[in-house]
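# Observations on the model geometry
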Amino acid sequence: MKARPFQFLILLSTLLFMFESASCRDAPNQEFATLSKIFLENRFSESPVLATSLGEHRYDHQLDQVDPPFRERSLNQAQALLLALDAIPFDSLSRENQVDSELIRHELKRHIWGIESLREWEWNPLRYTGLPGNSIYALLARDTGPIGDRLAAAAARCREFPRYFQQARESLKPALTPPLHAETAVDQNRGISRLLQDLLTPHLESLPEAQATDLKEAIAVAEAAIQDQQTWLETQLLPNARGNERLSEKLYREKFAYELFTSSSPEELKAQAEARMKKLHQRMYELSLIILSERQFSPQVSEALSPEEKRGIIRLALEIAYADAPTRDGVVAAAENSLAITRDFIIENELITMPDDPVEIIVMPEFRRGVSLAYCDAPGPLEQSQKTFYAVSPPPTDWTEKQVQSHLREYNHRSLHVLTIHEATPGHFVQLAHANQNPNILRSILGSGTFIEGWAVYCEMMMVEQGFLADDPLMELIVLKWYLRDTTNAIIDQAVHLDGISEEEAMSLLMDQAFQEEREAAGKYTRARLSSAQLSTYFAGYVELIDLREAAEAAQGDQFDLKAYHDRALSYGSPPTKFVKALLLDRPIPSFR
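This is a predicted model, so every value here is computed, not measured. (Residues numbered from 1 in each chain as written. Predicted model: local features only at pLDDT ≥ 70, side-chain atom pairs only at ≥ 80, totals over all residues. Heavy atoms only, no water.)

What follows covers the overall build of the chain. The helix and strand tally for the chain stands at 24 helices and three strands. Since a compact globule built from 593 residues should have a radius of gyration of about 25 Å, the 25 Å found for the chain is in line with a globular shape. In terms of its C-alpha atoms, the chain occupies a principal-axis envelope of roughly 75 × 55 × 45 Å. For the chain, buried positions account for 56% of its 593 residues. Total accessible area on the chain stands at roughly 24700 Å², and carbon and sulfur atoms take up 51% of it. Taking the average place of the 60 positive charges on the side chains of the chain and the average place of its 86 negative ones, the gap between the two points comes to 4 Å. (Helix = DSSP H or I, 4+ residues; strand = E, 2+ residues; numbered from the N terminus. Rg over C-alpha atoms; globule rule 2.2 N^0.38 Å. Buried < 20%, exposed > 50% of the residue type's maximum accessible area, 1.4 Å probe, protein only. Areas by Shrake-Rupley, 256 points an atom, 1.4 Å probe, with all protein chains shown as cover. Lys, Arg positive; Asp, Glu negative; His and termini not counted. Charge placed at Lys NZ, Arg CZ, Asp CG, Glu CD.)

As structure tokens, this is what we get:
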């Protein structure tokens with residue numbers, strides 16, 4: 001899709017006029033301040049649902065547009081902003097603005113590439129299933145204003161469902177849609193109706209009659225639109241879905257570079273991951289021998305043991321941890337216990353400044369299930385002190401008892417400690433709460449997935465390093481298994497999209513090499529096919545965070561203080577680690593022009 005020259009020139013002329021006015025006052029930094037404001041306003045107006053989630057409520061009554069005129073308009077604006085940004089001398093900007101200019105440039109280029117090259121809007125139905133549910137969830141999940149105003153906004157958005165789903169249907173091309181994406185969309189779309197009933201219907205009795213009637217009618221409009229969409233997904237999209245779930249090599253390499261903000265190749269990351277896997281296997285083997293000997297069980301050990309035989313010994317030790325698992329209905333309670341234990345350990349050992357923001361563990365809403373077991377849903381940077389939700393998905397009701405037990409073995413009590421460290425304390429919840437304290441909301445909107453996920457993985461290992469449950473070697477073994485999972489993520493990601501790995505080969509890698517239970521391995525193989533490049537961010541981010549800490553320790557020597565380091569590293573928001581390193585160590589800001 002190409003921008004219309006007339007519209008493009010109008011946008012560019014407007015930007016240049018603003019810059020000329022700004023240059024009379026301050027020049028480059030003022031010009032960039034003008035451009036960044038335009039960038040933010042475009043983001044808010046283009047995605048009202050995103051704006052609501054960030055705490056900007058001017059657009060709460062609106063639902064995103066997803067039709068061709070919108071995409072063309074968005075493309076025009078991005079191209080004009082990119083040209084204007086390139087006209088600002090990088091070396092004349094302040095260090096903070098240099099970072100932000102690189103973030104905006106990267107995002108604009110990725111956005112343009114997404115519309116023109118990746119074109120998910122025509123083949124990925126998951127781009128459309130999450131947004132209607134999120135549009136209501138973002139208004140009602142947190143107490144961000146008078147309930148009457150939020151319900152009125154929700155009613156307005158419900159009335160937009162028919163238009164939104166119609167635009168989605170007109171955008172999607174069944175022949176290009178992968179069957180797996182269509183199947184997942186069918187399941188997720190069903191969850192939107194449940195969300196409306198859970199979040200909106202309970203308020204009907206407490207509203208004034210006129211508003212209650214309006215909301216009830218709006219819910220009915222939305223329900224009918226959801227059902228129409230469900231019928232289309234099941235009878236039109238799914239039967240005719242013929243697309244390839246694996247990205248082409250060209251698209252995968254480009255997405256890998258954008259997602260990880262890197263010039264390194266996928267092969268380089270894979271080589272690092274494979275080398276790390278061998279070291280992890282050896283350490284897990286040594287630790288397993290200690291664990292088994294403490295339980296008066298000494299397997300036959302020989303220097304001539306094959307890698308497969310060593311993995312067999314590791315599995316014997318892991319079985320001890322698997323036996324200590326929650327019940328099907330006890331996962332949330334176990335996670336709450338982990339939250340208390342990890343928080344107390346962090347405070348007692350002064351590892352990082354704990355935020356005062358509340359965190360609540362919830363059962364994952366249905367419309368968000370199907371991709372991952374858990375997630376951290378933090379409030380937007382414009383809304384301080386709101387709840388963070390640590391969401392956990394229960395075993396699906398259609399699973400067999402064997403599948404449920406496989407799931408619970410994987411998420412045994414020690415694994416739930418690691419999950420809580422990753423998603424909450426001191427992982428995503430703590431990191432994102434610190435990021436929200438940075439007044440520059442660009443850093444939150446353009447947060448790096450590699451830094452965010454890398455921090456969470458770093459925390460898993462850091463907690464053990466600092467003595468978390470140090471009297472329990474099984475805890476360290478499970479943490480190493482989780483790190484092995486993160487390492488394998490990077491391998492399976494490109495194995496799917498570059499190497500064409502089969503399902504059998506993928507399951508063998510995940511179960512035999514990474515010790516994952518069948519349900520976890522099956523879910524990970526599905527996730528790799530649904531979310532290309534994202535799985536690589538965990539391992540890549542951890543490697544960068546370790547490099548950052550080693551550089552800080554070398555620079556500060558005896559003056560290095562872990563808590564002060566953590567607090568400062570998180571104070572810059574969530575930019576890619578390369579920028580955190582430059583800011584923290586007072587090095588030149590890297591430019592990728």
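After that view, the rundown keeps rolling.
All right, on to the packing of helix α8 (residues 179–199) against helix α21 (residues 518–530) then. It is at 10 Å that the axes of α8 and α21 come closest, and there the two elements cross at 110°. Comparing the axis directions of α8 and α21 gives the class roughly perpendicular. Contacts between α8 and α21 pair L180, H181 and T184 from the former with T526, R529 and L530 from the latter. Looking at the contact of α8 with α21, its residues break down into two nonpolar, three polar and one charged. (Axes fitted to C-alpha atoms, helices over the stretch in contact; angles between N-to-C directions. Parallel < 35°, antiparallel > 145°, perpendicular 65-115°, else oblique. Contact = heavy atoms within 4.5 Å. Nonpolar A, V, L, I, M, F, W, Y, C, P; charged D, E, K, R; others polar.)

By the criterion of burial, strand β3 (residues 388–392) is predominantly enclosed, with five of the five residues buried. In β3, alternate side chains face the same way, and those of T388, Y390 and V392 on one face and F389 and A391 on the other are all buried. The sheet contact formed by strand β1 (residues 359–363) and β3 spans five bridges and is parallel. Bridge pairing in β3 links E360 to F389. (Pairing = 2+ DSSP bridges.)

Bringing helix α11 (residues 266–294) into the picture now. Compared with the 42 Å implied by 1.5 Å per residue over 29 residues, the 41 Å span of α11 between its first and last C-alpha is a close match. Listed in full, the buried residues belonging to α11 are P266, L269, A273, M277, L280, H281, M284, Y285, L287, S288, I291 and L292. (Expected span 1.5 Å × (residues − 1).)

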